[in-house]
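Analysis of the macromolecular model
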Amino acid sequence: MNTNRIQLTGKDILEQEFKTGMRGYNQEEVDEYLDTIIQDYEAFQQEIEKLRQENERLRKQSDQTRSRQSAPNHQVNYDILKRVSNLEKAVFGNKYADSE
């Protein structure tokens, strides 16, 4: 949701005044309805902010995980190859190691 598209705040809704006519709406009923809208609007804003913070936290966590995983891969592969080589020497003896 783009915050630039939001036109009203809870305060704007609360302070909105309507013209009255001869046979207009019941003012108390309109006020009660607007109060409900304001409560919902503020709850949505709080939820959006909470989700933004969680999204940012997860992005940082993901970036940290990626940076930790990308660097040591080459070292791990080298260690595995060295262990396999040592295991071959132990299993097949020095003849196998010398024939290479």
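Residues numbered from 1 in each chain as written. Predicted model: local features only at pLDDT ≥ 70, side-chain atom pairs only at ≥ 80, totals over all residues. Heavy atoms only, no water.

To continue, consider the overall build of the protein. Looking only at helices and strands, the protein features four helices and zero strands. Secondary structure of the protein in N-to-C order comes out as α-α-α-α. Surface exposure of the protein reaches about 9800 Å², of which carbon and sulfur atoms provide 50%. (Helix = DSSP H or I, 4+ residues; strand = E, 2+ residues; numbered from the N terminus. Areas by Shrake-Rupley, 256 points an atom, 1.4 Å probe, with all protein chains shown as cover.)

With that out of the way, let us pick up the pattern of salt bridges. By the definition in use, this model includes one salt bridge. As a salt-bridge pair, Lys50 and Glu47 come within 3.9 Å of each other at their nearest N and O atoms. Of the two residues, Lys50 and Glu47 both sit in helix H2 (residues 27–70), three residues apart, roughly one turn of that helix. Taking relative accessible area as the criterion, Lys50 reaches 49% and is therefore assigned partly exposed. (Salt bridge = Lys/Arg side-chain N within 4 Å of Asp/Glu carboxyl O. Buried < 20%, exposed > 50% of the residue type's maximum accessible area, 1.4 Å probe, protein only.)

Time to look at a negative patch on the surface. On the surface, Glu28, Glu29, Asp31, Glu32 and Asp35 cluster together to form a negatively charged patch. Glu28 sits in the exposed class, given a relative accessible area of 59%. (Patch = residues over 30% accessible without salt bridge, like charges linked within 9 Å, V, L, I, M, F, W, Y side chains within 5 Å. Lys, Arg positive; Asp, Glu negative; His and termini not counted. Charge placed at Lys NZ, Arg CZ, Asp CG, Glu CD.)

A surface patch of nonpolar side chains, about 340 Å² in accessible area, is lined by Leu87, Val91 and Phe92. One can find Phe92 in helix H3 (residues 73–92). Look at Phe92 and you get exposed, because its relative accessible area is 54%.

Here the focus is the confidence of the model for the protein. Per-residue confidence for the protein averages 80 on the pLDDT scale, and 80% of its residues sit at or above 70. The secondary structure element of the protein with the lowest average pLDDT is helix H4 (residues 94–99), at 60, and the one with the highest is H2, at 87. (pLDDT = per-residue confidence, 0-100.)

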